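Summary of the model geometry
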Amino acid sequence: MNAAFRWNSARAAGRTLLAGDARGRLAAIAGLLALLAFIGLETAGLEGALRASRAALGELPEIRPAFLLERLLGFAFAAALALGFLGSLTTAISTLFLSEELGALCVLPFAHRRLVLRQASLTLALASTPALLLSVPALLVAAGASSRPLLAFAAGAVPLAGVMLLAGSAGIAAALLLVRLVPPRRARLLAAFLSATGLAVALVGFRAARPERLLDPLEALSVVTRLGAARPSSPGLDPAAWAARAATRGLLGDAGGLVPAAALFLAGLAVFFLVPATLWRLHLHVFRDSWAGSAALTGRSRRGPEARSLDGVLLRAEAASLLRDASTPAQLGSLAAVFLLDLMNVRLLPGTDATQRDLVAGLQTGLSLFLVSALSLRFAYPAVSSDGRAALVLRTLPLDPQRQLLVRWAVRALPAAGVALALTGASLLFLLPEGTTFALALVAALVGGLAIPALHVGLGALFPRYDAPNAVNVALSSGGLFALVFSTGLSLLSTLVVSDELRLLLGSLLKVRLSPWPIVLFFLASAAAAAIVPMTMAARSLATRDVAAG
Amino acid sequence: MVSTRDGTATPSIRFDGATKNYGQKTALASLTLAVPAGAVFALVGPNGAGKTTAIGLLTGLLAPTAGRTFVCGIDVARDPVRAKARLGFVPDRPYLWPKWTPRETLRFVGATFGGRGVELEKRIDAELVAFELMELSSERNETLSHGTRQRVALAQAFLHDPSVLVLDEPMVGLDPLAQRGLSERLRAHAAKGAAVLLTTHQLALAEEIATIAGLLVEGRLVARGSPRNLETASGRGGALSDVFFDLAGGSPKP
């Protein structure tokens, strides 16, 4: 790509960040502040952990800091490797096959190998971002604590870059092979599902390893001793282990650690350039097939059910839009993992303490509704915007917007209420709180599960973004974040509805006596208002507001 | 013309001083225009003249700053659902629900116009055949080419046999065969008593199929009449292409 192309791309990115409308700028500033807050929290946490571990290790002579550090870094690099592979697998299918600019770039007079290299670089940059966000503050903390800061930073950063290059290259190669077997859109679906399942399995596995043991000093000592007393085995061909060993040596002041770090980086760089150099013909072949195949017949001829009623047609159409979203299966996989994790947590609670069971029942109800809030942000808030420019056609049809909004809500609220009831109900079956708490928790889950999607559908319709590139972009707008704040408030209120202990705690803080029934009534009224007011305003707005006609 | 109860004829499409301002900018200035049933009206003009804004006001996509628009005598702003029930619309680009198939799209649109069951399926099949979409009817819209999506957009507009058909640049993306087929279909639809309003940049097409034409320049209707003899406000006349180049910007651009 030439300099003009790079300059144009950079300017376009800058315009997106800085020159959008007030709403867009607000979202960008909120995102930047959230990022800074995250980096600040991570830095403070790591510095605290470093101080504590230095003090503790001074009293544990049998533990060798180098061994402990190498093992911990080994876990971190392995996680970065897995995250990089899964991220680049999903991203590469989009950048190498589904990106709209490919059609324009393919006809320009430069070698196809360079196009593949450019898209691979873009993939690597996008897929590495989460790992870099997590690791750069850690590297800075480590460098700050070291007697040779530059050496320490380089010793961490260089092998990390090598690991990301290797993971990215593997993900890109896997994406090319996957699209050789299945069409790009289906491959993206499959890759997203694999990524989500991989992350879910990792999360559940981490939880199953019972990290809470580290809160018990004896158990923690046993774990730390196992990790820090014996020398880690030879890295062999494991790049994460190589990276960990090289980084450990560098962080402990041994400049010789930079040699294996540089070797790993150069190996990663070589593999990264090797992928486009060897697989560009495969990409060209598969890309041509998929490009031509985008208009080719699949040979299917499914008529589907006849239209019997308008509501039936609206329901089926809405369900089709929702279920055919490429990320739905992946996100349902993540949801299942969260569900499992939550139940694993609840099972660890002591079953005899009635106070604790009451408290956890309240928190679990709030957590269920917070989960519904997050799901609603992703699936309900963008409901109207995801019509895209087809909204122009929709607006010219003789269809009452209120009726269609209700259908959009129903398609999302029924599963949301199901999720809230299932999660709350399963927790209650483990906790077995007293009858009133049990009943109130179920009522709160049902009411919240129905109201929160209505709040999101309504607010999303009040601030539609028909030109947004995808649903996630709509969800992460300032309107979406506003809806999330509102629904999180409702989730928090539900904890007070359910738990006597939380009401007592809040009452003592506020120095008032909080009776349960006024809070129940307040919750029900808030839920009704949150559901009805935005939906009614949105129906009126959709019927009368201008839709840009081109 | 649509006959009213007192026996007078009502134009199928009527703009009555329709005006649209965006802040200080006037996109359409007091457009007054009537299109009778059975007519094909071509609205032409340079880019930014206000053609799409006029269509937006007629279809209910935009609310007028002043004035009113009527479909078969029904005020679009006051009774939008009844007005839209008589309307078929093709936007300037084929905006379709990406995750649906052409058949699902037509079924959805047909159901909103009251179509049901076997009868609706027959009409869907007829439009799929007419626009040569039958073999693609189970593909997702997002995988279709631009031209194919344009044919789906046209099929959905014709599906309920509308009294008023509004098309914004309908020929874009169609091959010559499809363009000829659409021209014939539009003439036949008008011959059955419907009113057709279309915008186009193809002056030859407007001269070929339109029975009436209007020239919009900077939001104002500056000429109207037969495409072969368009009359300007000052009383001058001429063929559509001559008047266009005369009033809309001088000599033809390369």
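Since the structure is predicted, the reported quantities are computational estimates derived from the model, not experimental observations. Position labels on residues start from 1 in each chain and follow its written sequence. The lettering of chains begins at A and the numbering of ligands begins at 1, in the order of writing. Where local features are concerned, this predicted model is filtered to residues with pLDDT of at least 70; where side-chain atom pairs are given and counted, the filter is 80 or more; whole-chain, interface and lining totals use all residues.

All names here are of chain B. Reading across the sheet, the eight strands line up as 8-9-10-5-11-12-13-14 and stay open at both edges, with mixed pairing between neighbours. Because the sheet does not close on itself, it has two edges, and the strands there are strand 8 (87-90) and strand 14 (237-238). Taken together, the five bridges between strand 11 (residues 212-217) and strand 12 (residues 220-226) define a ladder with antiparallel strand orientation. Counted as the bridge partner of L216 is L221 from strand 12. Contact between residues is assigned whenever the C-beta positions, reconstructed from backbone atoms, fall within 7 Å. Axis lines are fitted through C-alpha atoms, for helices just across the contact stretch, and the angle between N-to-C directions can take any value from 0 to 180 degrees. In this description a helix means any DSSP run of H or I spanning at least four residues, a strand means any run of E spanning at least two, and both kinds are numbered starting from the N terminus. Seen against the sheet, helix 1 (residues 51-59) touches strand 5 (40-44), strand 8, strand 9 (164-168), strand 10 (195-199) and strand 11 and runs at an angle of roughly 150° to strand 9. For two strands to be treated as a pair, DSSP must find at least two bridges joining them.

Residues and elements named next belong to chain A. Two numbers describe how helix 15 (residues 401-431) lies on helix 16 (residues 435-462): the axes approach to 8 Å, and their chain directions differ by 150°. For the element pair helix 15 / helix 16, the angle class is roughly antiparallel. Here the hand of the crossing between helix 15 and helix 16 comes out right-handed. Working rule for angles: under 35 degrees goes down as roughly parallel, over 145 as roughly antiparallel, 65 to 115 as roughly perpendicular, anything else as oblique. Handedness of a helix crossing follows the sense of rotation of the near helix relative to the far helix, less than a right angle counterclockwise being left-handed and clockwise being right-handed.

On to the nonpolar core. Note on definitions: a nonpolar core is a set of buried residues drawn from Ala, Val, Leu, Ile, Met, Phe, Trp, Tyr and Cys, linked by C-beta atoms within 7 Å. Between the buried cut of 20 or more and the exposed cut of 12 or fewer other C-beta atoms within 10 Å of a residue's own C-beta lies the partly exposed class, and all C-beta atoms are placed from the backbone. Counting 93 residues, the largest nonpolar core has A42, V71, A155, V164, V166, V196 and L197 of chain B as the members making the most contacts within it. Considering every element that reaches this core, the biggest residue donor is helix 5 (residues 146-158) of chain B, with six residues. The contacts of V166 of chain B, once residues within four sequence positions are left out, are I55, L58, T59, L87, F89 and L197 of chain B. In this structure, L81, V158, A191 and A244 of chain A belong to the second largest nonpolar core, which totals 64 residues.

Domain annotation for chain A reports domain 1 (24-59), domain 2 (64-292) and domain 3 (313-544). Those domain boundaries reflect an automatic or database domain assignment. The centre of domain 1 of chain A, based on its C-alpha atoms, is set 30 Å off from the matching centre of domain 3 of chain A.

It is worth spelling out the packing of helix 13 (residues 354-379) of chain A against helix 18 (residues 478-498) of chain A at this point. Residues and elements named next belong to chain A. At a minimum axis separation of 8 Å, helix 13 and helix 18 run at an interaxial angle of 160°. One finds that helix 13 runs roughly antiparallel with respect to helix 18. In this structure, helix 13 meets helix 18 at a crossing whose hand is right-handed. Here A361, G362, L363, T365, G366, L369, F370, S373, S376 and L377 of helix 13 come into contact with helix 18, specifically with G480, A483, L484, S487, T488, L490, S491, L492, S494, T495 and V498.

The subject of this paragraph is the sheet that holds strand 7 (residues 74-75) of chain B. Residue and element names in this part refer to chain B. Taken in spatial order, the four strands make up an open sheet running 4-3-6-7, and their pairing is antiparallel. Of all the strands in the sheet, just strand 4 (25-35) and strand 7 have a single pairing partner and so form its edges. Pairing of strand 3 (residues 13-22) with strand 6 (residues 66-71), which is carried by five bridges, proceeds in the antiparallel orientation. The partner of D16 across the bridge, within strand 6, is R68.

One turn of the α-helix equals 3.6 residues, which is why residues spaced by three or four share an orientation. All names here are of chain A. Buried residues of helix 19 (residues 500-510): D500, E501, L502 and R503, and no others. Looking at the buried residues of helix 19, the elements they touch are helix 13, helix 18 and helix 20 (516-544). Immediately beyond the C-terminal end of helix 19, within one or two residues, lies K511, with a positive phi of roughly 60°.

Our focus in this paragraph is the interface of chain A and chain B. Listed by partner, the interface residues are 36 residues for chain A and 46 residues for chain B. For the side of chain A that touches chain B, the elements supplying multiple residues, two or more each, are helix 11 (310-323), helix 14 (391-395) and helix 20 of chain A. Top element by residues in the side of chain A that touches chain B is helix 11 of chain A. It accounts for five residues. Residues were grouped as follows: Ala, Val, Leu, Ile, Met, Phe, Trp, Tyr, Cys and Pro as nonpolar; Asp, Glu, Lys and Arg as charged; and all remaining residues, including Gly, as polar. Per-class residue counts for the side of chain A that touches chain B are 16 nonpolar, nine polar and 11 charged.

To continue, consider the environment of A451 of chain A. Of note, A451 of chain A is situated in helix 16. Residue contacts for A451 of chain A: discarding those within four places in its chain leaves L490, A527, A530 and A531 of chain A.

So, about the domain arrangement of chain B. Residues and elements named next belong to chain B. Parsing chain B into structural domains produces domain 1 (12-86 + 162-254) and domain 2 (100-161). For domain 1 versus domain 2, the separation of C-alpha centres amounts to 25 Å. In terms of residue class, the side of domain 1 that touches domain 2 is built from eight nonpolar, one polar and one charged.

Residue and element names in this part refer to chain B. What you see with strand 8 is no split at all: L87 and F89 on one side and G88 and V90 on the other are buried throughout. Where strand 8 lies against strand 9, four bridges are found, and the strand directions are parallel. Within the sheet, the bridge partner assigned to L87 lies in strand 9 and is V164.

Tracing the backbone through its elements, the reader meets D311 of chain A in helix 11. Considering only alpha carbons, one finds D311 of chain A and S147 of chain A, 164 residues apart in sequence, at a separation of 70 Å.

What follows is about the confidence of the model for chain A. Close inspection of predicted coordinates is inappropriate in any region flagged by low pLDDT. Here pLDDT means the predictor's own confidence in every residue, given as a number from 0 to 100. Residues at a pLDDT of 70 or more form 91% of chain A, whose mean pLDDT is 84. The secondary-structure element of chain A with the lowest mean pLDDT is helix 1 (residues 3-18) of chain A, recorded at 64, while helix 16 of chain A shows the highest, at 95.

Here we come to unusual backbone geometry. Residues and elements named next belong to chain B. One non-glycine residue with positive phi stands out, namely C72, at about 50°. Looking at the element boundaries, C72 is found in the loop between strand 6 and strand 7. With 20 C-beta atoms packed within 10 Å, C72 lands in the buried category. At D161, a position not held by glycine, the phi torsion is positive, near 55°. You can see D161 is positioned in the loop between helix 5 and strand 9. For D161, a count of 12 C-beta atoms within 10 Å gives the class exposed.

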